[in-house]
Amino acid sequence: PYKSFDGALAAVRVWSCALSHDTVASHFDGTARLYPPLTDEEKEVAENERVERVKDAVAMSYSPDHLLHEFHASWPDQVSLRAAPRSVDAWMRLDRDAHGGVVCSSAPASGALSVQVRKESGRPRLTWYMRDPADDDSDGSSQHPGRPMFDLTLSRDVRREEWVHVAFVYREESDSVSGYVNGHLAGEARRLRKTGSEPPQAAAGPIFYAQDGTEVDVDGARWFDGELSFVRLWASELHPDAIVEHAAGNTVRGAVAMSSDDVAMARDQNVLRRERLE
């Protein structure tokens, strides 16, 4: 937010000459022919621009550096993140017979982050494990996620046959995780006991899209049965107002509105996952 102007601006002009004292005075009182008083329409435009700047600043999405990675119609896919994410958001849809499953996960690596939709309840869940160097192999990898630091299951489920926006955010100030469904707060969780006090670190292994890092088993427990789109991992803590805008696909520069093409791609990707399972 400190990198943007929080206020209304209008008629910001750069001159190639030195303005005299009398000229500056006439600009101020609106008597100069080249610089008349602001009209009501210009004032309204300036205020609307201010609102948009505030949204962008709150969203912390004015810099592409905040977006660590975006999974979108790219299954199977995986990525090694350059930093630990602070926020995860995604669009998802479950048919009547879909069971959900893993949205993204770096399990079983040490320090794993796992986002899933629970099969029995249809509720989104985030589990974040403590990074323990003792669990790492000589090459820095691991086959053990460590002890859970945060474990949050949201109070709202993913409604069937609807596209739903889900977000999880780590809040460093309160050392807690918050979860949102369609922009509404749906749960908070404090750090579990005896898991240190350091902010979450990047996992020892890559994070996988629509499955975890183990082989898909016969009942599909370790992959996602449903449709996914724009699964994004952020280096910043998304503000609650920004999450509302993201869920609505509004004008924040990080927001995404689902298009008919996105829906078709997500459906095709789920068909591929079902075929692989079979």
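These numbers were taken from a predicted model, which means no experiment stands behind them. (Residues numbered from 1 in each chain as written. Predicted model: local features only at pLDDT ≥ 70, side-chain atom pairs only at ≥ 80, totals over all residues. Heavy atoms only, no water.)

A look at the pairing of strand β3 (residues 87-93)
Most of β3 sits inside the fold, with seven of its seven residues counted as buried. Here β3 shows a buried face lined by Ser87, Asp89, Trp91 and Arg93 and a second buried face lined by Val88, Ala90 and Met92. With six bridges joining them, β3 and strand β8 (residues 164-171) adopt antiparallel strand pairing. When the sheet's bridge partners are listed, Trp91 is paired in β8 with His165. Summarising the sheet, β3 and strand β13 (residues 227-234) pair through six bridges and their orientation is antiparallel. Counted as the bridge partner of Trp91 is Ser229 from β13. (Buried < 20%, exposed > 50% of the residue type's maximum accessible area, 1.4 Å probe, protein only. Helix = DSSP H or I, 4+ residues; strand = E, 2+ residues; numbered from the N terminus. Pairing = 2+ DSSP bridges.)

A closer look at the environment of Glu52
Its location among the elements puts Glu52 in helix α2 (residues 40-59). What makes Glu52 partly exposed here is its relative accessible area of 30%. For the pair Glu52 and Asp6, spaced 46 residues apart in the sequence, the C-alpha separation amounts to 9.9 Å.

Let's talk about the packing of aromatic side chains
This model, assessed by the stated rule, comprises three aromatic pairs. Note on Trp128 and Tyr170: the rings are 6.3 Å apart at their centroids and 70° apart in plane angle, and the pair reads as edge-to-face. Of the two residues, Trp128 is situated in strand β6 (residues 124-129) and Tyr170 in strand β8; the sequence distance between them amounts to 42 residues. In this pair, the class of Trp128 matches that of Tyr170, namely buried. By the ring-pair criterion, three or more aromatic residues cluster together here, those being Trp128, Phe150 and Tyr170. Residue placement shows Arg273 over the ring face of Trp75; its charged tip is 5.7 Å from the ring centre. (Phe/Tyr/Trp six-rings, centres within 6.5 Å; stacked < 30°, edge-to-face > 60°. Lys NZ or Arg CZ within 6 Å of the ring centre and 35° of its normal.)

With respect to unusual backbone geometry
Across the junction of Trp75 and Pro76, the peptide omega takes the value -5°, indicating a cis bond. The topology assignment puts Pro76 in the loop between β1 (67-71) and β2 (78-79). Between Ala107 and the following residue, Pro108, the backbone shows a cis peptide bond with an omega angle of 10°. Secondary-structure assignment places Pro108 in the loop between β4 (100-105) and β5 (113-117). Backbone geometry at Ala11 places phi at a positive 50°, although glycine is not the residue there. Here Ala11 shows up in the segment before α1 (21-29). On the accessibility criterion, Ala11 (40% relative accessible area) is partly exposed. Of note, Ala73 is a non-glycine position whose phi angle comes to about 50°, a positive value. Mapped onto the elements of the fold, Ala73 is located in the loop between β1 and β2.

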